[in-house]
Amino acid sequence: NASTVTRRGTTIEPIKEIKRHWHFIDLEGQTLGRISTKIAKLLTGKDKIQFSYNHDWGDYVVAINSDKIHVTGKKLKDKIYYRHSGYAGNLKEISLKILMEKDSRKVIYASVYGMIAKNKLKKARMRRLKIFKTANHSYQEKLKGLSPQK
């Protein structure tokens, strides 16, 4: 192919020629950390042969039923999420249980966000993650024929 670049035996495909697949994951009854690692692996493209750290080979992931995610141990009560505005004495904290009641999508997002490599590709990878509280979503057309993975 004339558009591929070869340097010292490594063939690099142009970004326009990357074929991104869609993955459909049902979070019902899944453990938070275990499913987050699977999602992170799909978003980064680590399951692909041509994976390299400096190229974005990842796929799209649609995750449904985030309200029905499962956590082990006493994490619902003990796990705390922190955020800071930058002003003195303005450290906010919220427990996992309260955050799950407010918006369970943020819990999944934060979990996967912490597992993606901290580099310039992180924002683009996280943009391909679509999380929904229930089984209703707007990607029916993209996911034709796919049944939800567990």
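The structure contained in this document is the topic of the report that follows. (Residues numbered from 1 in each chain as written. Predicted model: local features only at pLDDT ≥ 70, side-chain atom pairs only at ≥ 80, totals over all residues. Heavy atoms only, no water.)

Successive side chains on a regular strand alternate, one facing one side of the sheet and the next facing the other. Of the pairings in the sheet, the one linking strand β5 (residues 80–84) to strand β6 (residues 91–95) comprises 5 bridges and is antiparallel in character. Across the sheet, Tyr81 pairs through a bridge with Ile94, a residue of β6. The hairpin turn running from β5 into β6, its antiparallel successor, is 6 residues long, and Gly86 in that turn takes a positive phi close to 105 degrees. (Pairing = 2+ DSSP bridges. Helix = DSSP H or I, 4+ residues; strand = E, 2+ residues; numbered from the N terminus.)

Over its 18 residues, helix α3 (residues 96–113) extends only 16 Å from the first C-alpha to the last, a length that falls short of the 26 Å expected when each residue adds 1.5 Å. When the local axis directions of α3 are compared, the greatest deviation, roughly 120 degrees, occurs at Asp103. All of the buried residues in α3 are Leu96, Leu99, Met100, Asp103, Ser104, Val107, Ile108, Ser111 and Val112. In this structure, the buried residues of α3 make contact with α1 (32–44), α2 (75–78), β5, β6, α4 (122–127) and β7 (129–131). (Expected span 1.5 Å × (residues − 1). Bend = angle between axes of the 7 residues up to and from the residue. Buried < 20%, exposed > 50% of the residue type's maximum accessible area, 1.4 Å probe, protein only. Contact = heavy atoms within 4.5 Å.)

Our next topic: the nonpolar core. As a rule of thumb, nonpolar side chains are buried together in soluble globular proteins. In this structure, Leu27, Ile39, Leu43, Val112 and Leu129 are the most contacted members of the largest nonpolar core, which totals 24 residues. Secondary structure elements with two or more residues in this core: α1, β4 (60–64), α3 and β7. Those residues in contact with Val112 that sit more than four places away from it in its chain are Ser36, Ile39, Ala40, Leu43, Met126 and Leu129. Counting residues in each nonpolar core, the second largest holds 6 residues, with Trp22, Phe24, Val62 and Leu143 among its members. (Core = buried A, V, L, I, M, F, W, Y, C linked by side-chain atoms within 4.5 Å.)

Position of Leu129 relative to the elements: it lies in strand β7. Residue Leu129 is classed as buried on the basis of its relative accessible area of 8%. Once you skip the residues sitting within four places of it in the chain, Leu129 turns out to touch Ile39, Leu43, Val61 and Val112.

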